[in-house]
Amino acid sequence: MRSKFAFFLISLLSGLLFGVGLAISKMINPEKVLNFLDIFGTWDASLILVMASGLLISAAGVYWVKRRGNAINADLQLPTKTEIDGRLVTGSALFGIGWGLAGYCPGPVVASLAYGNTEAMLFVPVMIIGFYLGEQIEKRWL
Amino acid sequence: MTDFTPYSAILGGALIGLAAALLLIFNGRIAGISGIVWNTITQTGWERAWRLFFLLGIVGGTYGWFLLSGETPPIRTGFSTLKLISAALLVGIGTRLGSGCTSGHGICGLARFSKRSLIAVVTFMFTTMLTAGVLRHAL
């Protein structure tokens, strides 16, 4: 890492953009998310546009970093796992059920803490307990 | 009922993508929220600190947007607490086992053409839609 100050500044700035993006796109509204998921009911396709446009810009970043071979202010740390295993599929399936149950995935629910959303204030600590349980399951049985 | 809002969706999505690109280009890190929240708890020193700055940014960005735009934040009332708690546990356990959520696998992983992320996204989009559909129409 070349500059710790720049590293922290970029982290904060990236978080800020992420938060504004979640608010502008209205993805912090769990009902909007549930309406996207509910194709055969009150379908609201907004989420797919959020994903598509986010993906496009993110892919430009990936392209840039891969061409340069490294990041500007630190070493590039990309996930190294490549195998498709039962853990990945089971975990993702469980996450999906949880997401569809209440309409919150981790980003939006953290962002919702900003305006004292009582659902988020309950959800986030319980989700962290879930992270801990997930770690334990992984350590003991997998 | 919520309206289809294509312009705000594209603009908001672009900002989320920009956030991910910025973190990757400068800091070489993946903007995966589930991992960042968990590592904020388990890591120490500056590995914890940058993640705290990032999360502070998310909350601050959302707060700032509502403060400046004058929009009313969405508040849902009367939602089942039991459902909320079950959902939170499943999201927590699932993203740990599956190594990521919508941001890490969706926005970042798909952008890297990661096969694991593609499998993860297809899997969680399927179970999410199934769950939401069953809850609304079958129960």
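Reading the values: the criteria
Counting from 1, residues in each chain are numbered in the order their sequence is written. Each chain is given a letter, starting from A, and each ligand a number, starting from 1, according to the order in which they appear as written. Under the rules for a predicted model, residues below a pLDDT of 70 receive no local features and side-chain atom pairs below 80 are neither given nor counted, while totals for whole chains, interfaces and linings still include all residues. Only runs of H or I of at least four residues qualify as helices and only runs of E of at least two qualify as strands under DSSP, and these elements are numbered from the N terminus. Counting other C-beta atoms within 10 Å of each residue's C-beta, where C-beta atoms are placed from the backbone, gives the exposure class: buried for 20 or more, exposed for 12 or fewer, partly exposed between. Note on contacts: residues are paired as contacts if their backbone-placed C-beta atoms lie within 7 Å. Throughout this description, the term nonpolar core refers to a group of buried Ala, Val, Leu, Ile, Met, Phe, Trp, Tyr and Cys residues whose C-beta atoms join them within 7 Å. A domain assignment, automatic or from a database, supplies the domain bounds used here. Gly is put with the polar residues, along with every residue not named as nonpolar or charged; the nonpolar set is Ala, Val, Leu, Ile, Met, Phe, Trp, Tyr, Cys and Pro, and the charged set is Asp, Glu, Lys and Arg. As a per-residue measure, pLDDT reflects the predictor's confidence and takes values from 0 up to 100. Helix axes are fitted only over the stretch in contact, all axes being lines through C-alpha atoms; the angle between N-to-C directions runs from 0 to 180 degrees. Working definition: roughly parallel below 35 degrees, roughly antiparallel above 145 degrees, roughly perpendicular at 65 to 115 degrees, and oblique for all remaining angles. Each crossing gets its handedness from the near helix: less than a right angle anticlockwise from the far helix is left-handed, clockwise is right-handed. Each helix should span, by expectation, one fewer than its residue count multiplied by 1.5 Å.

Novice: I would appreciate a short explanation of the overall build of chain B in the present structure.
Specialist: A tally of regular secondary structure across chain B gives 6 helices and 0 strands. Starting at the N terminus, the α and β elements of chain B follow one another as α-α-α-α-α-α. For chain B, the spread of C-alpha atoms along the principal axes amounts to about 45 × 40 × 30 Å. Relative to its full complement of 139 residues, chain B shows a buried share of 54%. The contacts in chain B between residues at least 6 apart in sequence include a share of 44% that link residues at least 24 apart.

Novice: How should I be thinking about the overall build of chain A in this particular structure?
Specialist: Check the secondary structure of chain A and you find 6 helices and 0 strands. Written out in order from the N terminus, the α and β elements of chain A read α-α-α-α-α-α. For chain A, the C-alpha atoms occupy an extent of roughly 50 × 40 × 30 Å along the three principal directions. Taking all 142 residues of chain A together, the buried fraction comes to 52%. Partitioning the intrachain contacts of chain A with sequence separation of at least 6 by distance along the chain shows that 46% fall at a separation of at least 24.

Novice: I tried to follow the nonpolar core on my own but got confused; where do I start?
Specialist: Note that soluble globular proteins tend to have their nonpolar side chains buried in a common cluster. Formed by 85 residues in total, the largest nonpolar core has its most connected members in A19, A20, L22, L24, L90 and V91 of chain B. In terms of residue count, helix α1 (residues 6–27) of chain B provides more of this core than any other element does, 13 residues in total. The two domains that each donate at least three residues to this core are domain 1 (1–78) and domain 2 (79–142) of chain A. Sequence-distant contacts of L22 of chain B, that is, excluding residues within four places in its chain, are made with I10, L13, S14 and L17 of chain A.

Novice: I tried to follow the domain arrangement of chain A on my own but got confused; where do I start?
Specialist: Interface size is commonly expressed as the accessible area that is lost once the parts come together. Residue and element names in this part refer to chain A. What the domain assignment reports for chain A is domain 1 (1–78) and domain 2 (79–142). Placing a centre on the C-alpha atoms of domain 1 and another on those of domain 2 gives a separation of 18 Å. Between domain 1 and domain 2, the contact holds 12 residues from the first and 9 residues from the second. Among the elements that make up the side of domain 1 that touches domain 2, the one with the highest residue count is helix α2 (residues 30–37) (5 residues). Considering only residue class, the side of domain 1 that touches domain 2 consists of 10 nonpolar, 1 polar and 1 charged.

Novice: Mind showing me how you'd approach the environment of I75 of chain B here?
Specialist: Along the polypeptide, I75 of chain B turns up in the loop between α3 (45–69) and α4 (81–97). For I75 of chain B and W46 of chain B, which are 29 residues apart along the polypeptide, the C-alpha to C-alpha distance reads 35 Å.

Novice: Explain the interface of chain A and chain B here, please?
Specialist: Taken together, the 105 residues of chain A in the interface contact 99 residues of chain B. Sorting the residues of the side of chain A that touches chain B by element identifies α1 (4–24), α2, α3 (46–68), α4 (86–102), α5 (106–111) and α6 (118–141) of chain A as the ones contributing at least two each. Tallied by class, residues from the side of chain A that touches chain B come to 65 nonpolar, 28 polar and 12 charged.

Novice: Would you mind showing me how to read the confidence of the model for chain A here?
Specialist: Close inspection of predicted coordinates is inappropriate in any region flagged by low pLDDT. Confidence along chain A averages 94 in pLDDT terms, with 99% of residues attaining 70 or more. Ranking the elements of chain A by mean pLDDT puts α2 of chain A last, at 91, and α5 of chain A first, at 98.

Novice: Whenever I open this one, the packing of α3 of chain A against helix α5 (residues 102–109) of chain B confuses me. Can you help?
Specialist: To characterise two packed helices, one gives the angle between the axes of the helices and the distance between these axes. Where α3 of chain A contacts α5 of chain B, the axes come no closer than 8 Å and their chain directions differ by 60°. The residues of α5 of chain B that touch α3 of chain A, namely those facing M51, G54, L55 and S58 of chain A, are G106, I107 and C108 of chain B.

Novice: Is there a simple way to think about the environment of G35 of chain B in this case?
Specialist: Residue and element names in this part refer to chain B. Assignment of secondary structure puts G35 in helix α2 (residues 33–42). Judged by the 22 C-beta atoms lying within 10 Å of it, G35 falls in the buried class. Separated by 68 residues in sequence, G35 and S103 have C-alpha atoms that sit 9.9 Å apart. The residues contacting G35, other than those within four sequence positions of it, are G100 and G104.

Novice: Help me understand the packing of α1 of chain A against α1 of chain B, please; the structure alone is not making it clear to me.
Specialist: Orientation of α1 of chain A relative to α1 of chain B, taken along the N-to-C sense of each, is 165°, at an axis distance of 7 Å. By the angle class used here, α1 of chain A and α1 of chain B are roughly antiparallel. Every pair of crossing elements has a handedness; the one defined by α1 of chain A and α1 of chain B is left-handed. Of the residues in α1 of chain B, those touching α1 of chain A at F7, I10, S11, L13, S14, L17, F18, V20, G21, L22 and I24 of chain A are S8, L11, G12, G13, L15, I16, L18, A19, L22, L23, F26 and N27 of chain B. Among the residues forming the contact of α1 of chain A with α1 of chain B, the class breakdown is 16 nonpolar, 7 polar and no charged.

Novice: Please clarify how α1 of chain A should be interpreted in this entry.
Specialist: Residues lying three or four places apart along an α-helix face the same way, a consequence of the helix completing one turn every 3.6 residues. Residue and element names in this part refer to chain A. Look at α1: 30 Å from first C-alpha to last across 21 residues, which is about the 30 Å you get at 1.5 Å a residue. Judged by how many residues are buried, α1 sits mostly within the fold: 15 of 21 residues are covered. At the exit of α1 stands K26, carrying a positive phi of roughly 65°.

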